[in-house]
Amino acid sequence: EVQLVESGGGLIQPGGSLRLSCAASGFSVSSKYMSWVRQAPGKGLEWVSVIHTGGTTYYADSVTGRCTISRDTSTNTLWLQVNSLRAEDTAVYYCAGAPRYYYYAMDVWGQGTTVTVSS
Amino acid sequence: EIVLTQSLGTLSLSPGERATLSCRASQSVSSNYLAWYQQKPGQAPRLLIYGASSRATGIPDRFSGSGSGKDFTLTITRLDPEDFAVYYCQLYGGSSYTFGQGTKLEIK
């Protein structure tokens with residue numbers, strides 16, 4: 001079964017850091033474009049970052065310089081390191097995979113992990 | 001940066017009716033990279049349509065997508081009670097993704 005399971009969220013003070021993980025099963029994280037997408041409470045979806053199958057990474061302007069996306073093919077895990085957290089980073093963070101055969105639309109999503117930035 | 005605008009914030013319809021949701025891009029885009037998602041409360045989004053008009057695996061044929069250039073449409077024929085949710089369009093731009101702000105489809 002194709003599945004993504006996120007973890008690592010929690011309550012973090014402003015200025016702090018966290019590392020989110022996304023464990024994949026049923027496929028390899030290097031076989032799809034893997035993204036992090038977040039959703040602030042009551043708001044819409046916001047793309048955060050992507051790592052391409054070749055390893056190239058891209059970030060949304062809102063997180064550039066504060067986030068690092070990476071993957072570990074040995075453990076089949078996607079990671080998102082977020083530094084200098086701000087209140088506006090409070091959101092549910094989803095990982096999602098996008099295969100080439102779907103023109104890079106996201107066909108598999110995790111259940112999300114909640115990040116709350118507050119003092 | 002391309003902006004996707006879903007002009008309807010909320011659409012109120014009854015089960016059995018037809019829903020037409022729109023998504024307009026701020027400039028002409030490749031329809032290959034236009035997708036639609038459904039999201040229910042407390043759940044992750046689900047891919048419905050990719051390439052503007054192709055249904056993802058397991059998606060009922062009452063869902064269809066169309067459009068090209070700047071204007072795209074998601075149509076749901078014969079609304080089922082389980083179809084009431086929020087719908088997002090999305091564009092893949094090579095180095096980023098953009099989502100529309102979403103249209104909430106609610107029961108009238």
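Scroll up for the structure.
Bear in mind the structure is a predicted one, so any value in this text is a computation, not a measurement.

Procedures and definitions
- Residues numbered from 1 in each chain as written.
- Chains lettered and ligands numbered in written order.
- Predicted model: local features only at pLDDT ≥ 70, side-chain atom pairs only at ≥ 80, totals over all residues.
- Heavy atoms only, no water.
- Core = buried A, V, L, I, M, F, W, Y, C linked by side-chain atoms within 4.5 Å.
- Buried < 20%, exposed > 50% of the residue type's maximum accessible area, 1.4 Å probe, protein only.
- Contact = heavy atoms within 4.5 Å.
- Helix = DSSP H or I, 4+ residues; strand = E, 2+ residues; numbered from the N terminus.
- Polar contact = N/O pair within 3.5 Å; in protein donor to acceptor, adjacent residues only side chain to side chain.
- Buried area = accessible area lost by both parts, 1.4 Å probe.
- Salt bridge = Lys/Arg side-chain N within 4 Å of Asp/Glu carboxyl O.
- Nonpolar A, V, L, I, M, F, W, Y, C, P; charged D, E, K, R; others polar.
- Phe/Tyr/Trp six-rings, centres within 6.5 Å; stacked < 30°, edge-to-face > 60°.

A.B. asks: Which parts of the structure should I look at to understand the nonpolar core?
C.D. replies: Generally speaking, nonpolar side chains in soluble globular proteins are found buried as a group. Core analysis: the biggest nonpolar cluster contains 73 residues, and W36, L80 and M106 of chain A together with Y87, Y97, F99 and L105 of chain B have the highest contact counts within it. Not counting the four nearest positions on each side in its chain, L105 of chain B is found in contact with L11, L13, A19, I76, L79, D83, F84, A85 and Y87 of chain B.

A.B. asks: Please explain the side chain of Q90 of chain B as it appears in this structure.
C.D. replies: Relative to the elements of secondary structure, Q90 of chain B occurs in strand β8 (residues 86–92). Residue class for Q90 of chain B comes out buried when judged on its relative accessible area of 1%. Looking at Q90 of chain B, its side chain comes within polar contact range of the side chain of Y37 of chain B, at 2.8 Å. Discounting residues that sit within four places of it in the chain, Q90 of chain B has contacts with A105 and M106 of chain A together with L4, Y33, L34, A35, Y37, Y97, T98 and F99 of chain B.

A.B. asks: Can you help me understand the interface of chain A and chain B in this one?
C.D. replies: Taken together, the 23 residues of chain A in the interface contact 21 residues of chain B. Sorting the residues of chain A by area buried against chain B places L45, Y102 and Y103 of chain A first, and these three jointly supply 35% of that buried surface. The interface formed by chain A and chain B includes 0 salt bridges. Scanning the region where chain A abuts chain B turns up 9 residue pairs in polar contact (both at pLDDT 80 or more). A breakdown of the residues in the side of chain A that touches chain B according to their chemical character gives 15 nonpolar, 5 polar and 3 charged.

A.B. asks: What am I meant to see in the packing of aromatic side chains here?
C.D. replies: Two numbers describe a pair of aromatic rings. These are the distance of the centres and the angle of the planes. Using the criterion set out here, one finds 13 aromatic pairs over all chains in the structure. When the ring of W109 of chain A is compared with that of Y37 of chain B, the centres are 5.7 Å apart and the planes differ by 80 degrees; the resulting orientation is edge-to-face. Taken together, the residues span two chains, with W109 of chain A in strand β10 (residues 108–109) and Y37 of chain B in strand β4 (residues 34–39). Residues W109 of chain A and Y37 of chain B agree in their burial class; the two are buried. Members of the aromatic cluster, connected to one another through ring pairs, are Y33, W47, Y101, Y102, Y103 and Y104 of chain A together with Y33, Y50, Y92 and Y97 of chain B.

A.B. asks: Even after reading the chapter, I still don't get the pattern of salt bridges, so can you show me in this structure?
C.D. replies: By the definition in use, this model includes 7 salt bridges over all chains. Between D107 of chain A and K32 of chain A there is a salt bridge; the shortest N-O distance is 3.0 Å. Pair noted here: D107 of chain A is in the loop between β9 (91–98) and β10 and K32 of chain A is in the loop between β3 (18–25) and β4 (33–39), with a separation of 75 residues, a long-range link. You can call D107 of chain A partly exposed: its relative accessible area is 26%. A salt bridge links R62 of chain B to E82 of chain B, with the nearest nitrogen and oxygen atoms 3.1 Å apart.

A.B. asks: Any chance you could explain the side chain of T113 of chain A here in plain terms?
C.D. replies: Residue and element names in this part refer to chain A. Relative to the helices and strands, T113 is located in strand β11 (residues 113–117). In terms of polar contacts, T113 uses its side chain to reach the backbone amide nitrogen of G9, at 3.0 Å. In this structure T113 touches E6, S7, G8, G9, L20, A91, V92 and Y93, once residues within four positions along its chain are discounted.

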